[in-house]
Amino acid sequence: MTAEWTFWIAAAAIAYTYAGFPLLVLLRGWLLPRPIAAKDPLACGNADPADSIPSVSLIIAAHNEAESLGAKLENVLGLDYPRERLEVWIASDGSTDRTEAIAESYAGRGVQLLALPRLGKARTLNAAVAVARGEVLVFSDANSMLEARALRQLVAPFADPGVGGVAGDQRYLPSRGDADGCGERSYWSLDRWLKRAESRGGHAVSATGAIYAIRRKLFEEIPEGVTDDFVTSTGVIEQGYRLVFAEEAVAWEPVAESQQSEFARKVRVITRGLRSLLRRRSLLNPWRYGFYSLQLFSHKLLRRVMFVPLLGLWCGSLLLWEQGPWYQAAAVLQTLFYLLAVAGAVAAVGRRRAGKLLTVPAYFCMVNLACLIAWWRLARGQSVVLWEPQRPASVATSRSEAP
């Protein structure tokens, strides 16, 4: 393949992934909307019996989460949802700190502890679901602080019998100090916009572990070595139900404490995500799942191979430098972008203040480098079963500090 072909094929792939596909999703949602009959379970009026409010099991898998668990439980117990219709399970995956003692101290307030040996998150969640009794299963991370109405907003779409799962909205708290989290927050702002458009036209592509819910009858045992939130949430689509996005069901999380820890987390999550995609490869069949297959392919697969066309575009433009100002401009702009990314990464490592001009390119490049390493690990047969939470110092932030 010539350098010119490499350049233009790479350019087309990048343009489709980052611009064409989002525009296509937006147009589909606008032209062919699929509204849902959402109904706030607590806005039914006094005439409705209490049984009309779905019973909910909120499950939190925890391994050595002593620093954040107390704040999380106070947050959960303050949610605007009837306590008689809500059960809270802390599933301890072989915790060796005070996680289990903290959970037990809330027993008088209805919190239930499932103390397990070290099994890994997948088997821990499977065990918790086996003892849960709610009609709706809600999953959340130990460091995610939910807004007071988040549970109501998450449950509301289940009033539509065609809805099998609901993805909540994960947002990031502002950094206390510099702007290291700008890149991550910008990424998730784009992801939020895309999920909103995808859901309007049919399905959100998947859910995030900070906050999501499914009907209990649709839960399937989670295999090891996969991303549990992706496999669980997309399972409802495979069973013929809708997965929708509830933007007002908000969970706040702190940004990563350092770029190094965030990079390691990205590699781990993407590696498991690729295994998850293999597990759900049947969803890539457009004859059965229609437009969702294109969503899944574009959102979850193409994004994770973008390091190939990005490298091809840069190398192609350099090789074609003598062919004219168009290729020269492309080479200069790309090189400048990568230099800004390097500067942003250096600033993050040195914990120096940096704005979006540096942090956004740095985060973009970090994600693509993490994808490259994840593919390498997948090719070598490496998997991630056990997880060690890396929590920032601000993890215990209360929901009152959320903007």
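Residues numbered from 1 in each chain as written. Predicted model: local features only at pLDDT ≥ 70, side-chain atom pairs only at ≥ 80, totals over all residues. Heavy atoms only, no water.

Q: How should helix H7 (residues 228–238) be read in this particular structure?
A: One full turn of an α-helix is made of 3.6 residues, so residues set three or four places apart face in the same direction. Within H7, 10 of the 11 residues are buried, which leaves the element mostly enclosed by the surrounding structure. Along H7, the residues that are buried comprise Asp228, Asp229, Phe230, Val231, Thr232, Ser233, Thr234, Gly235, Val236 and Ile237. One or two positions beyond H7, positive phi appears at Gly240, with a value near 95°. (Buried < 20%, exposed > 50% of the residue type's maximum accessible area, 1.4 Å probe, protein only. Helix = DSSP H or I, 4+ residues; strand = E, 2+ residues; numbered from the N terminus.)

Q: I'm lost on the packing of aromatic side chains in this one. Help?
A: Aromatic ring pairs are defined here through the distance separating the ring centres and the angle between the ring planes. Going through the model one piece at a time under the given rule, you end up with 11 aromatic pairs. Here the aromatic rings of Phe337 and Phe364 are separated by 5.7 Å at their centres, their planes lie at 80°, and the arrangement is edge-to-face. You can see Phe337 sitting in helix H12 (residues 325–349) and its partner Phe364 sitting in helix H13 (residues 356–379), a full 27 residues away along the chain. Taking the relative accessible area as the measure of exposure, Phe337 reaches 29% and is therefore partly exposed. For Phe364, a relative accessible area of 23% translates into the label partly exposed. Ring pairing ties together the aromatic residues Tyr18, Trp314, Phe337, Tyr338 and Phe364, which thus form one cluster. (Phe/Tyr/Trp six-rings, centres within 6.5 Å; stacked < 30°, edge-to-face > 60°.)

Q: Could you clarify how one ought to interpret the packing of H12 against H13 in this entry?
A: Packed helix pairs are specified by the crossing angle of their axes together with the interaxial distance, meaning the distance between the axes. Running from amino to carboxyl end, H12 crosses H13 at an angle of 95°, the nearest separation of the two axes being 7 Å. Between H12 and H13, the angle falls in the class roughly perpendicular. Contacts from Phe337, Tyr338, Leu340, Ala341, Ala343, Gly344 and Ala345 in H12 reach Leu357, Leu358, Pro361, Ala362, Phe364 and Cys365 in H13. Split into classes, the residues belonging to the contact of H12 with H13 amount to 12 nonpolar, 1 polar and no charged. (Axes fitted to C-alpha atoms, helices over the stretch in contact; angles between N-to-C directions. Parallel < 35°, antiparallel > 145°, perpendicular 65-115°, else oblique. Contact = heavy atoms within 4.5 Å. Nonpolar A, V, L, I, M, F, W, Y, C, P; charged D, E, K, R; others polar.)

Q: I keep staring at the pairing of strand E2 (residues 86–93) and nothing clicks. Help me out?
A: Each regular strand shows side chains that alternate between the opposite faces of the sheet. When you tally the buried positions in E2, you get 8 out of 8 residues, the bulk of the element. Judged by which residues are buried, E2 turns out to be covered on both faces: Leu86, Val88, Ile90 and Ser92 on one side and Glu87, Trp89, Ala91 and Asp93 on the other are all buried. Examined bridge by bridge, strand E1 (residues 56–62) and E2 share 7 bridges and lie parallel to one another. Considered in E2, the bridge of Ile59 is made with Trp89. Sheet topology note: the E2/strand E3 (residues 111–116) ladder contains 6 bridges and is parallel. Opposite Asp93, over in E3, you have Leu116 as the bridge partner. A crossover links E2 with its parallel partner E3, the connecting element being helix H3 (residues 99–105), and its sense is right-handed. (Pairing = 2+ DSSP bridges. Right-handed = clockwise from strand over helix to strand, strands pointing away.)

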